[in-house]
Amino acid sequence: MPAVAHRGFPYHSSVVGREVRGRDGEAVELVGRRAELEDQRRFLDRLGEGPVALGLLGPPGIGKTELLSALADAASTRGIRVVAARPAETEARVAHAGLRDLLVQLPVDAATDLPDPQAAALKIAVADEPMPGDATGETRALALRAAVLGVFERVARHGPVLVVVDDLHWLDPSTADLLSYAARRVQGPVGFAFARRPTDLAPDGPRDLGDPGVVVDVAGMDDDAVRALVRQRSERALDRSEVEHIVGVAAGNAFVAVELASAADRGQDLPDSLDALASARLSALDGDSIEVLRVASAAASPTVALLRGVLGDEVDVDRALSEAEASGAVGLSGGLVRFVHPIVRHATYVSMPAARRRSAHRRLADACRRPEERARHLALAAIGPDPAVAAAL
């Protein structure tokens, strides 16, 4: 069975998730990350010998996602099968959301020879079907854990596998439990790599997958590295004052530096803070595009079809999304709508007035087919206690 490309990460970004190119159009390497890339090389060397794990820890925008993407690219180049997930804050309580994202990237026959109880448990989890009445909760949980472990081991018989989870702090607890169980017990060349924010910035989410052999604290870039990054990513030669302004505002944050360089390329005034940068992304769009992005920011897994169903009678969703993509706020791929970065998604969501936010969740609840996701939207749409919402939950 040949290895397959990881398809980048399942999202699009001007900073991460795809091959990075400089102003001359040539592919470029990560700036200021030599030590981290060497850690990743050693990690991949060990992957061929058996199970390994790697964690990246750092604040938003510091460069964790770009490092994970580089790891996935390097693994794919070596012929390693890579499956990747990047959960969003809005789906952190949607059971098995991350598991579905990972399983659809595996061969369709990966679970065909599982024992019947395990195959049934996996089907139930992925399809969100009702549980059989003759199985206890503990029995179902054990069968599902064994099924996920079995799937990874079966795929690894044909070659090394790397499971990559970005923004682990937003991974739903059910998937985190399953992956941790597999990471601690898997036999064979299966690697687990994740990135997450520090506990003080994300106190409630999962903290690791199994027992990572290496946890790297991803520090901010020094000023010289930021200058080099700006020169590498900008489409024109920025003057010294622009570069130094970016260095000062970015404070070592790679995402902020690249976004500011992009703003300078477009001739925009350079914001003085991260919040102002995210707000500038939205203010450059027309009202319809902002409205579509606001609804998308409230959805667990926004798609073009979902947004058409919710807003199609009011706005030209396709045109609005095209404008948003051209601005760099989102990327469109395979019908999915992916924000350039969680920072932009969060800024879009909190920009909605409270009443508009509740309305967005009500409309999304009407469009959802999954009971758990619908209940979540109903809860976020409620002003106060609601017996109907309580029953749905």
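Residues numbered from 1 in each chain as written. Predicted model: local features only at pLDDT ≥ 70, side-chain atom pairs only at ≥ 80, totals over all residues. Heavy atoms only, no water.

1. Topic: the packing of helix α11 (residues 287-298) against helix α14 (residues 342-350)
Next up, step 1: Remark: α11 packs on α14, axes separated minimally by 8 Å, with the N-to-C direction vectors making an angle of 105°. As judged from the angle between their axes, α11 and α14 are roughly perpendicular. Taken together, the residues of α14 that come into contact with α11 (itself represented by Leu293, Arg294, Ala296, Ser297 and Ala298) are Arg345, Thr348 and Tyr349.
Next up, step 2: A class-by-class count of the residues in the contact of α11 with α14 yields four nonpolar, two polar and two charged. (Axes fitted to C-alpha atoms, helices over the stretch in contact; angles between N-to-C directions. Helix = DSSP H or I, 4+ residues; strand = E, 2+ residues; numbered from the N terminus. Parallel < 35°, antiparallel > 145°, perpendicular 65-115°, else oblique. Contact = heavy atoms within 4.5 Å. Nonpolar A, V, L, I, M, F, W, Y, C, P; charged D, E, K, R; others polar.)

2. Things to note about the side chain of Gln232
Next up, step 1: Tracing the backbone through its elements, the reader meets Gln232 in helix α7 (residues 223-233).
Next up, step 2: One polar contact links Gln232 to Arg233, side chain to side chain, over a distance of 2.9 Å. (Polar contact = N/O pair within 3.5 Å; in protein donor to acceptor, adjacent residues only side chain to side chain.)

3. Regarding empty space enclosed by the protein
If a probe as big as a water molecule is rolled over the atoms, it shows which places are left empty.
Next up, step 1: On inspection of all chains with the given rule, the structure shows two cavities of 30 Å³ or more.
Next up, step 2: Approximately 50 Å³ is the volume found for the second largest cavity.
Next up, step 3: Lining the second largest cavity are Leu30, Val31, Arg33, Ile62, Gly63, Glu66, Leu67, Met221, Leu229 and Ala254.
Next up, step 4: The residue makeup of the lining of the second largest cavity, split by class, is seven nonpolar, one polar and two charged. (1 Å grid on protein atoms, 1.4 Å probe; cavity = no way out; pocket = protein on both sides within 12 Å on 5 of 7 lines; lining within 4 Å. Points joined across faces, edges and corners; volume = space filled by probe spheres on them.)

4. Here's the deal with the sheet that holds strand β2 (residues 81-85)
Next up, step 1: The five strands are arranged β2-β3-β4-β1-β5 in an open sheet whose pairing can be described as parallel. Two strands bound the open sheet, and with one partner strand each, they are β2 and β5 (214-217). Going from strand to strand, the sheet's axes swing by 15° on average, the running direction of each strand aside.
Next up, step 2: Note that strand β1 (residues 52-57) and strand β4 (residues 190-196) share six bridges and pair parallel. Along β4, the bridge assignment pairs Val52 with Gly191.
Next up, step 3: Lying on the sheet, helix α1 (residues 34-47) is in contact with β1, β3 (161-165), β4 and β5; it crosses β1 at an angle near 160°. (Pairing = 2+ DSSP bridges.)

5. As for the environment of Ser241
Next up, step 1: With respect to the helices and strands, the residue Ser241 is situated in helix α8 (residues 240-250).
Next up, step 2: At 2.7 Å, the side chain of Ser241 and the side chain of Asp239 are in polar contact.

6. Section: the packing of α8 against helix α9 (residues 254-265)
Next up, step 1: Between α8 and α9, whose axes approach to 9 Å, the crossing angle comes to 145°. Read as a crossing pair, α8 and α9 show a hand that is right-handed. For the pair α8 and α9, contact is made by Glu242, Ile246, Val249 and Ala250 and by Val256, Ala257, Leu260, Ala261 and Ala264, respectively.
Next up, step 2: Looking at the contact of α8 with α9, its residues break down into eight nonpolar, no polar and one charged. (Left-handed = near helix turned anticlockwise from the far one by under 90°.)

7. Regarding the nonpolar core
Next up, step 1: Judged by nonpolar contacts, the single largest core of 54 residues is most densely connected at Val230, Ile246, Val292, Leu293 and Leu307.
Next up, step 2: Tallying contributions element by element places α9 first for this core, with nine residues.
Next up, step 3: With residues near it in sequence (within four places) discarded, Val292 still touches Leu307, Leu311, Val315, Val317, Ala320 and Leu321.
Next up, step 4: In this structure, Leu99, Val148, Val151 and Leu178 belong to the second largest nonpolar core, which totals 36 residues. (Core = buried A, V, L, I, M, F, W, Y, C linked by side-chain atoms within 4.5 Å. Buried < 20%, exposed > 50% of the residue type's maximum accessible area, 1.4 Å probe, protein only.)

8. Remarks on the environment of Asp366
Next up, step 1: By the element assignment, Asp366 lies in helix α15 (residues 354-367).
Next up, step 2: Counting along the chain gives 56 residues from Asp366 to Val310, while the straight-line C-alpha distance between them is 8.6 Å.

9. Section: the side chain of Arg86
Next up, step 1: Turning to its location among the elements, Arg86 is positioned in the loop between β2 and α3 (97-103).
Next up, step 2: Polar side-chain contacts of Arg86 include one of 3.2 Å to the side chain of Asp166.

10. Quick notes on the packing of aromatic side chains
Next up, step 1: Enumeration according to the criterion identifies one aromatic pair in this entry.
Next up, step 2: Centre to centre, the rings of Phe152 and Phe192 are 5.9 Å apart; their planes meet at 90°, and the pair counts as edge-to-face. Here Phe152, found in helix α5 (residues 137-156), pairs with Phe192, found in strand β4; they are 40 residues apart in sequence, far enough to count as distant. Across this residue pair, the class does not change: Phe152 and Phe192 are buried.
Next up, step 3: The ring of Tyr349 has Arg357 lying over it, and the distance from NZ or CZ to the ring centre is 5.0 Å. (Phe/Tyr/Trp six-rings, centres within 6.5 Å; stacked < 30°, edge-to-face > 60°. Lys NZ or Arg CZ within 6 Å of the ring centre and 35° of its normal.)

11. Brief notes about the pattern of salt bridges
Next up, step 1: Considering all chains together, one arrives at 20 salt bridges under this definition.
Next up, step 2: The salt bridge partner of Arg42 is Asp39, with a shortest N-O separation of 2.5 Å. Placement of the pair is Arg42 and Asp39 together in helix α1, with a separation of three residues, close to one helical turn.
Next up, step 3: Residue class for Arg42 comes out partly exposed when judged on its relative accessible area of 37%.
Next up, step 4: On the accessibility criterion, Asp39 (23% relative accessible area) is partly exposed.
Next up, step 5: Residue Glu66 is joined to Arg233 by a salt bridge in which the shortest nitrogen-to-oxygen separation is 2.8 Å. Of this pair, Glu66 sits in helix α2 (residues 64-77) while Arg233 sits in helix α7, placing them 167 residues apart in sequence. (Salt bridge = Lys/Arg side-chain N within 4 Å of Asp/Glu carboxyl O.)

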